[in-house]
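The lines below spell out each chain.
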Amino acid sequence: MKTSIPTRHRRTPSHTKTLMHLLTGVMLGIILCLNLYPLMAYAQSETDVTELGVVKLADALKTGKITSVEAVQEYLDRIKAYDKKIGDKPGLGAIITLNKNALKEAAELDKERASGHIRGPLHGIPVLVKDNINTADMPTSHGNQALATYQPKYNATAVQRLKDAGAIVLGKTNMAEFAMFWDTVSSVKGRTYNPYDPTKNINGSSGGTGAAVAASLAAIGLGTESCGSITDVASFTNLVGFRPTVGLGSMAGVDYNPLGDAIGPLALSVEDAAMLLDVLAGTDPKDPWTAKANSYKSASYLNSLKSSTLKGARIGYVIAPFGGYDYSPGPESDNILATTEKEISVLEAQGATVIKIPLNRSWWNKYAPQNASYWATTGHESYFAKTEATWPKGLAGRTEPKNAINFGDIVAGSPNMEKTAKEWLMADDKKPRDKVGFAAAVAARQTFAQGVTELFTSYKLDALAYPTVAAPPAKVHKNPAELLDSEQFGTHCGWANFTGRPVVSVPAGFADKFPVGISLLGSRFGDAKLLGYAYNLEQASPHRKTPELTPSLLHIAGSTSTTSSASANSSRTEASPGSGEASSGNALSASTSSMSPSGLPLSIVTVFIAAIGLIGLVVRLRKN
């Protein structure tokens, strides 16, 4: 009995030590997990964001296939891989500024989702916004060097509606200087290149948004359009571009031309465009043009889409681009028109009646005479007077008056600005709206709109169809500051701009290996019906293809890592000096955080560290 007592006393401390070791191991494991969690949070999902878009991403977020943090990280990785440089060639040049808090916002939205709180249909979805749309947390440069740090104090209504619906504004996109040209070149960023062929024009002025969405740098993007800035870009980037009825969505907080401008999505699909319109449409007290919006907007543009809407529809078909009075397509347009004609046959195959409408000279003489003017000086500088913002230091003092920003200040502060852009801006410097010219432009537009209404009535049309751009893209010049307006003809943008009607451009295929779009023009506030036609066409004849220049980073041939092979050819995304993108460094520094410092995926590193810890614990136990 005596011998058993000491034995029992000797073994008790051993059990205690074992227990202590186990507790220590558990604590070390907890500490390890807590320390690894911030890194593991950025580990890439197996869900690839390439070509995912909004509707599919929303579903993936809802079902837990991906988190918002993972989605943001994948988009940041793609921006890093493709925006500044692709190999030894220029990158897309689509992004002016990135949201340095994007990952933080994504993490917060993930927490809300986990707790059961969903802000809206865009909860946790990254979007990009053209840089003439005000954002309170990022500068709004208007594509201008002098305004690189121009910081509005409030969001544009469109941006606020995106945020209220749960969207993450990932960044701001490049644009033609003050949205002036059918090309996308700015003094703050330079040229935006077309991901389908960098040697050809991407069009403008929303080219940065178009390039970014086409290359899946975000789920969707916002553009603005006077004449073709959304739809023409969509045609050249194989996207859906939708310009809603003027007055359906608010333009408050946007520097825009009151002669028919609208804000709308550039999207991978008609569904994505409809989902964004559900968020953007509606009356805004800040924008009197939207007074009737709530009365006319659909309960849900997305839910109204059906794949049989074309059956019984009557569609008119014209080839009459902007300046159509004396336009006749040359042989360079043959392949584009042939591609469009194939889509016309698809409309017919889906049950639509297509009527080819000849527009003779008498029609043009009556409704669009050669001496008609559709544009006028509109007092753009009033935007700066009415917008609460922090001005770039010293900018207002460059020219008289010293207490206000005017175009003279902006030109003086933008040495990178192209000569034509300077001339166009200075022509409006310190000039109020040309009341006589404005009234004449409104009258000319009303006359043209009357002619279009009579076409719809006399032919009993539900929509009008035409090639979005009937001419091939111009080639970009070696000097990225040179503009292409004089070389880029064939746009049909006047049909929507002069009438305020909604228009949607849908991919129609490729001509000479370059994207072609077909447009459908609807009736005012008939946006749901129009999107239904576009959806039916898209489903019956899909033509969306990922640009070969910007493939998936998760499925690069011969690579097992998520980002290394594509990112190895590119360095940190940067804009030109003073662009405001320096503030995006924090977001971009995490763009390879799905990898460990050694380049191994974090999942492997985590298992390796855990295995070492367990082995060490077993060894210690055996010694005791």
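What comes next is a walk through the structure. (Residues numbered from 1 in each chain as written. Predicted model: local features only at pLDDT ≥ 70, side-chain atom pairs only at ≥ 80, totals over all residues. Heavy atoms only, no water.)

Digging into the packing of helix H8 (residues 270-280) against helix H17 (residues 527-540)
Inclusion rule: Interaxial angles span 0 to 180 degrees and are taken between N-to-C directions of axes, which are lines fitted to C-alpha atoms, for helices over the stretch in contact. Helical segments are the DSSP runs of H or I of at least four residues, strand segments are the runs of E of at least two, and each set is numbered from the N terminus. These descriptions rest on fixed angle ranges, namely under 35 degrees for roughly parallel, over 145 for roughly antiparallel, 65 to 115 for roughly perpendicular, and the rest for oblique. Handedness of a helix crossing follows the sense of rotation of the near helix relative to the far helix, less than a right angle counterclockwise being left-handed and clockwise being right-handed. Should any heavy atoms of two residues lie within 4.5 Å, those residues are considered in contact. For this scheme, ten residues count as nonpolar: Ala, Val, Leu, Ile, Met, Phe, Trp, Tyr, Cys and Pro. Four count as charged, namely Asp, Glu, Lys and Arg, and the remainder, Gly too, count as polar.
Interaxial distance between H8 and H17 falls to 9 Å at its minimum, and their mutual angle equals 160°. One way to sum up the angle between H8 and H17 is to call them roughly antiparallel. Considering the relative orientation of H8 and H17, their crossing is left-handed. Residue-level inspection shows Val270, Glu271, Ala274 and Leu277 of H8 in contact with H17, the latter providing Asp527, Leu531, Ala534, Tyr535 and Glu538. Here the contact of H8 with H17 is built from residues that sort into 6 nonpolar, no polar and 3 charged.

Re the nonpolar core
The condition that has to hold: For our purposes a nonpolar core is just a set of buried Ala, Val, Leu, Ile, Met, Phe, Trp, Tyr and Cys residues, chained together by side-chain atoms within 4.5 Å. Burial classification: accessible surface area is computed with a 1.4 Å probe over protein chains only, and a residue below 20% of its type maximum counts as buried, one above 50% as exposed, and the rest as partly exposed.
Ranked by size, the top nonpolar core spans 91 residues in total, and within it Leu122, Leu162 and Leu170 carry the most contacts. Those residues in contact with leucine 122, other than ones at most four positions away along the chain, are Val54, Leu162, Ala165, Gly166, Ala167, Met275, Leu276 and Val279. Of all hydrophobic cores here, the second largest spans 23 residues; its members include Ile355, Ala444, Phe448 and Ala496.

Section: the pattern of salt bridges
This is how the line gets drawn: What makes a salt bridge here is a side-chain nitrogen of Lys or Arg within 4 Å of a carboxyl oxygen of Asp or Glu, nothing more.
A complete count under the given rule lists 12 salt bridges for this structure. Note that lysine 430 and aspartate 429 form a salt bridge whose closest N and O atoms lie 2.6 Å from each other.

Regarding empty space enclosed by the protein
Spelled out, the test is: A pocket here means an open set of points on a 1 Å grid, computed over the protein atoms alone, that has protein on both sides within 12 Å along at least five of seven lines. A cavity is instead a set of points where a 1.4 Å probe fits but cannot get out; residues with an atom within 4 Å of a point line either one. Grid points are joined across faces, edges and corners, and a volume is the space filled by probe spheres set on the points.
Under the criterion given, the structure shown has 3 cavities of 30 Å³ or more. Considering only enclosed or pocket space, the largest cavity measures out at about 170 Å³ in volume. Considering the residues around the largest cavity, the lining is formed by 22 residues, among which Gly247, Gly249, Ser250, Met251 and Ala262 are closest to the centre. Taken together, the residues that form the lining of the largest cavity break down as 13 nonpolar, 6 polar and 3 charged.

Side note on the packing of aromatic side chains
Counted only if it meets this: A pair of aromatic rings is counted whenever rings of Phe, Tyr or Trp (Trp by its six-membered ring) have centres within 6.5 Å, and the orientation is called stacked for planes under 30 degrees apart, edge-to-face for over 60 and tilted otherwise. For a ring to carry a charge above it, either NZ of a lysine or CZ of an arginine must fall within 6 Å of the ring centroid while also lying within 35 degrees of the normal to the ring plane.
In total, this model carries 17 aromatic pairs according to the counting rule given. On the numbers, 4.7 Å between centres and 40° between planes, the contact of phenylalanine 181 with tryptophan 424 is tilted. Pair noted here: phenylalanine 181 is in the loop between strand E6 (168-173) and strand E7 (185-186) and tryptophan 424 is in helix H14 (residues 419-426), with a separation of 243 residues, a long-range link. Each ring, one from tyrosine 383 and one from phenylalanine 384, has its centre 5.0 Å from the other, and the planes form 80°; the classification is edge-to-face. Across this residue pair, the class does not change: tyrosine 383 and phenylalanine 384 are buried. Taken together, the aromatic side chains of Trp363, Trp364, Tyr367, Tyr374, Trp375, Phe448, Tyr466, Trp495 and Phe498 make up a single cluster linked through ring pairs. A cation over an aromatic ring shows up here: arginine 433 above the ring of phenylalanine 438, its NZ or CZ 4.1 Å from the ring centre. Arginine 501 extends its terminal NZ or CZ atom over the ring of phenylalanine 456, reaching a point 4.2 Å from the ring centre.

What to know about the layout of surface pockets
Quantified by volume, the largest pocket comes out at close to 770 Å³. Where the lining of the largest pocket is concerned, the elements lending two or more residues are strand E9 (220-225) and H14. Looking at side-chain class alone, the lining of the largest pocket contains 15 nonpolar, 11 polar and 6 charged residues. Around the second largest pocket, the lining is made up of 18 residues, and of these Trp289, Phe498, Thr499, Gly500 and Arg524 lie nearest the centre. When residues of the lining of the second largest pocket are assigned to their parent elements, the largest contribution, 5 residues, is made by helix H15 (residues 435-458). Broken down by class, the residue content of the lining of the second largest pocket amounts to 9 nonpolar, 6 polar and 3 charged.

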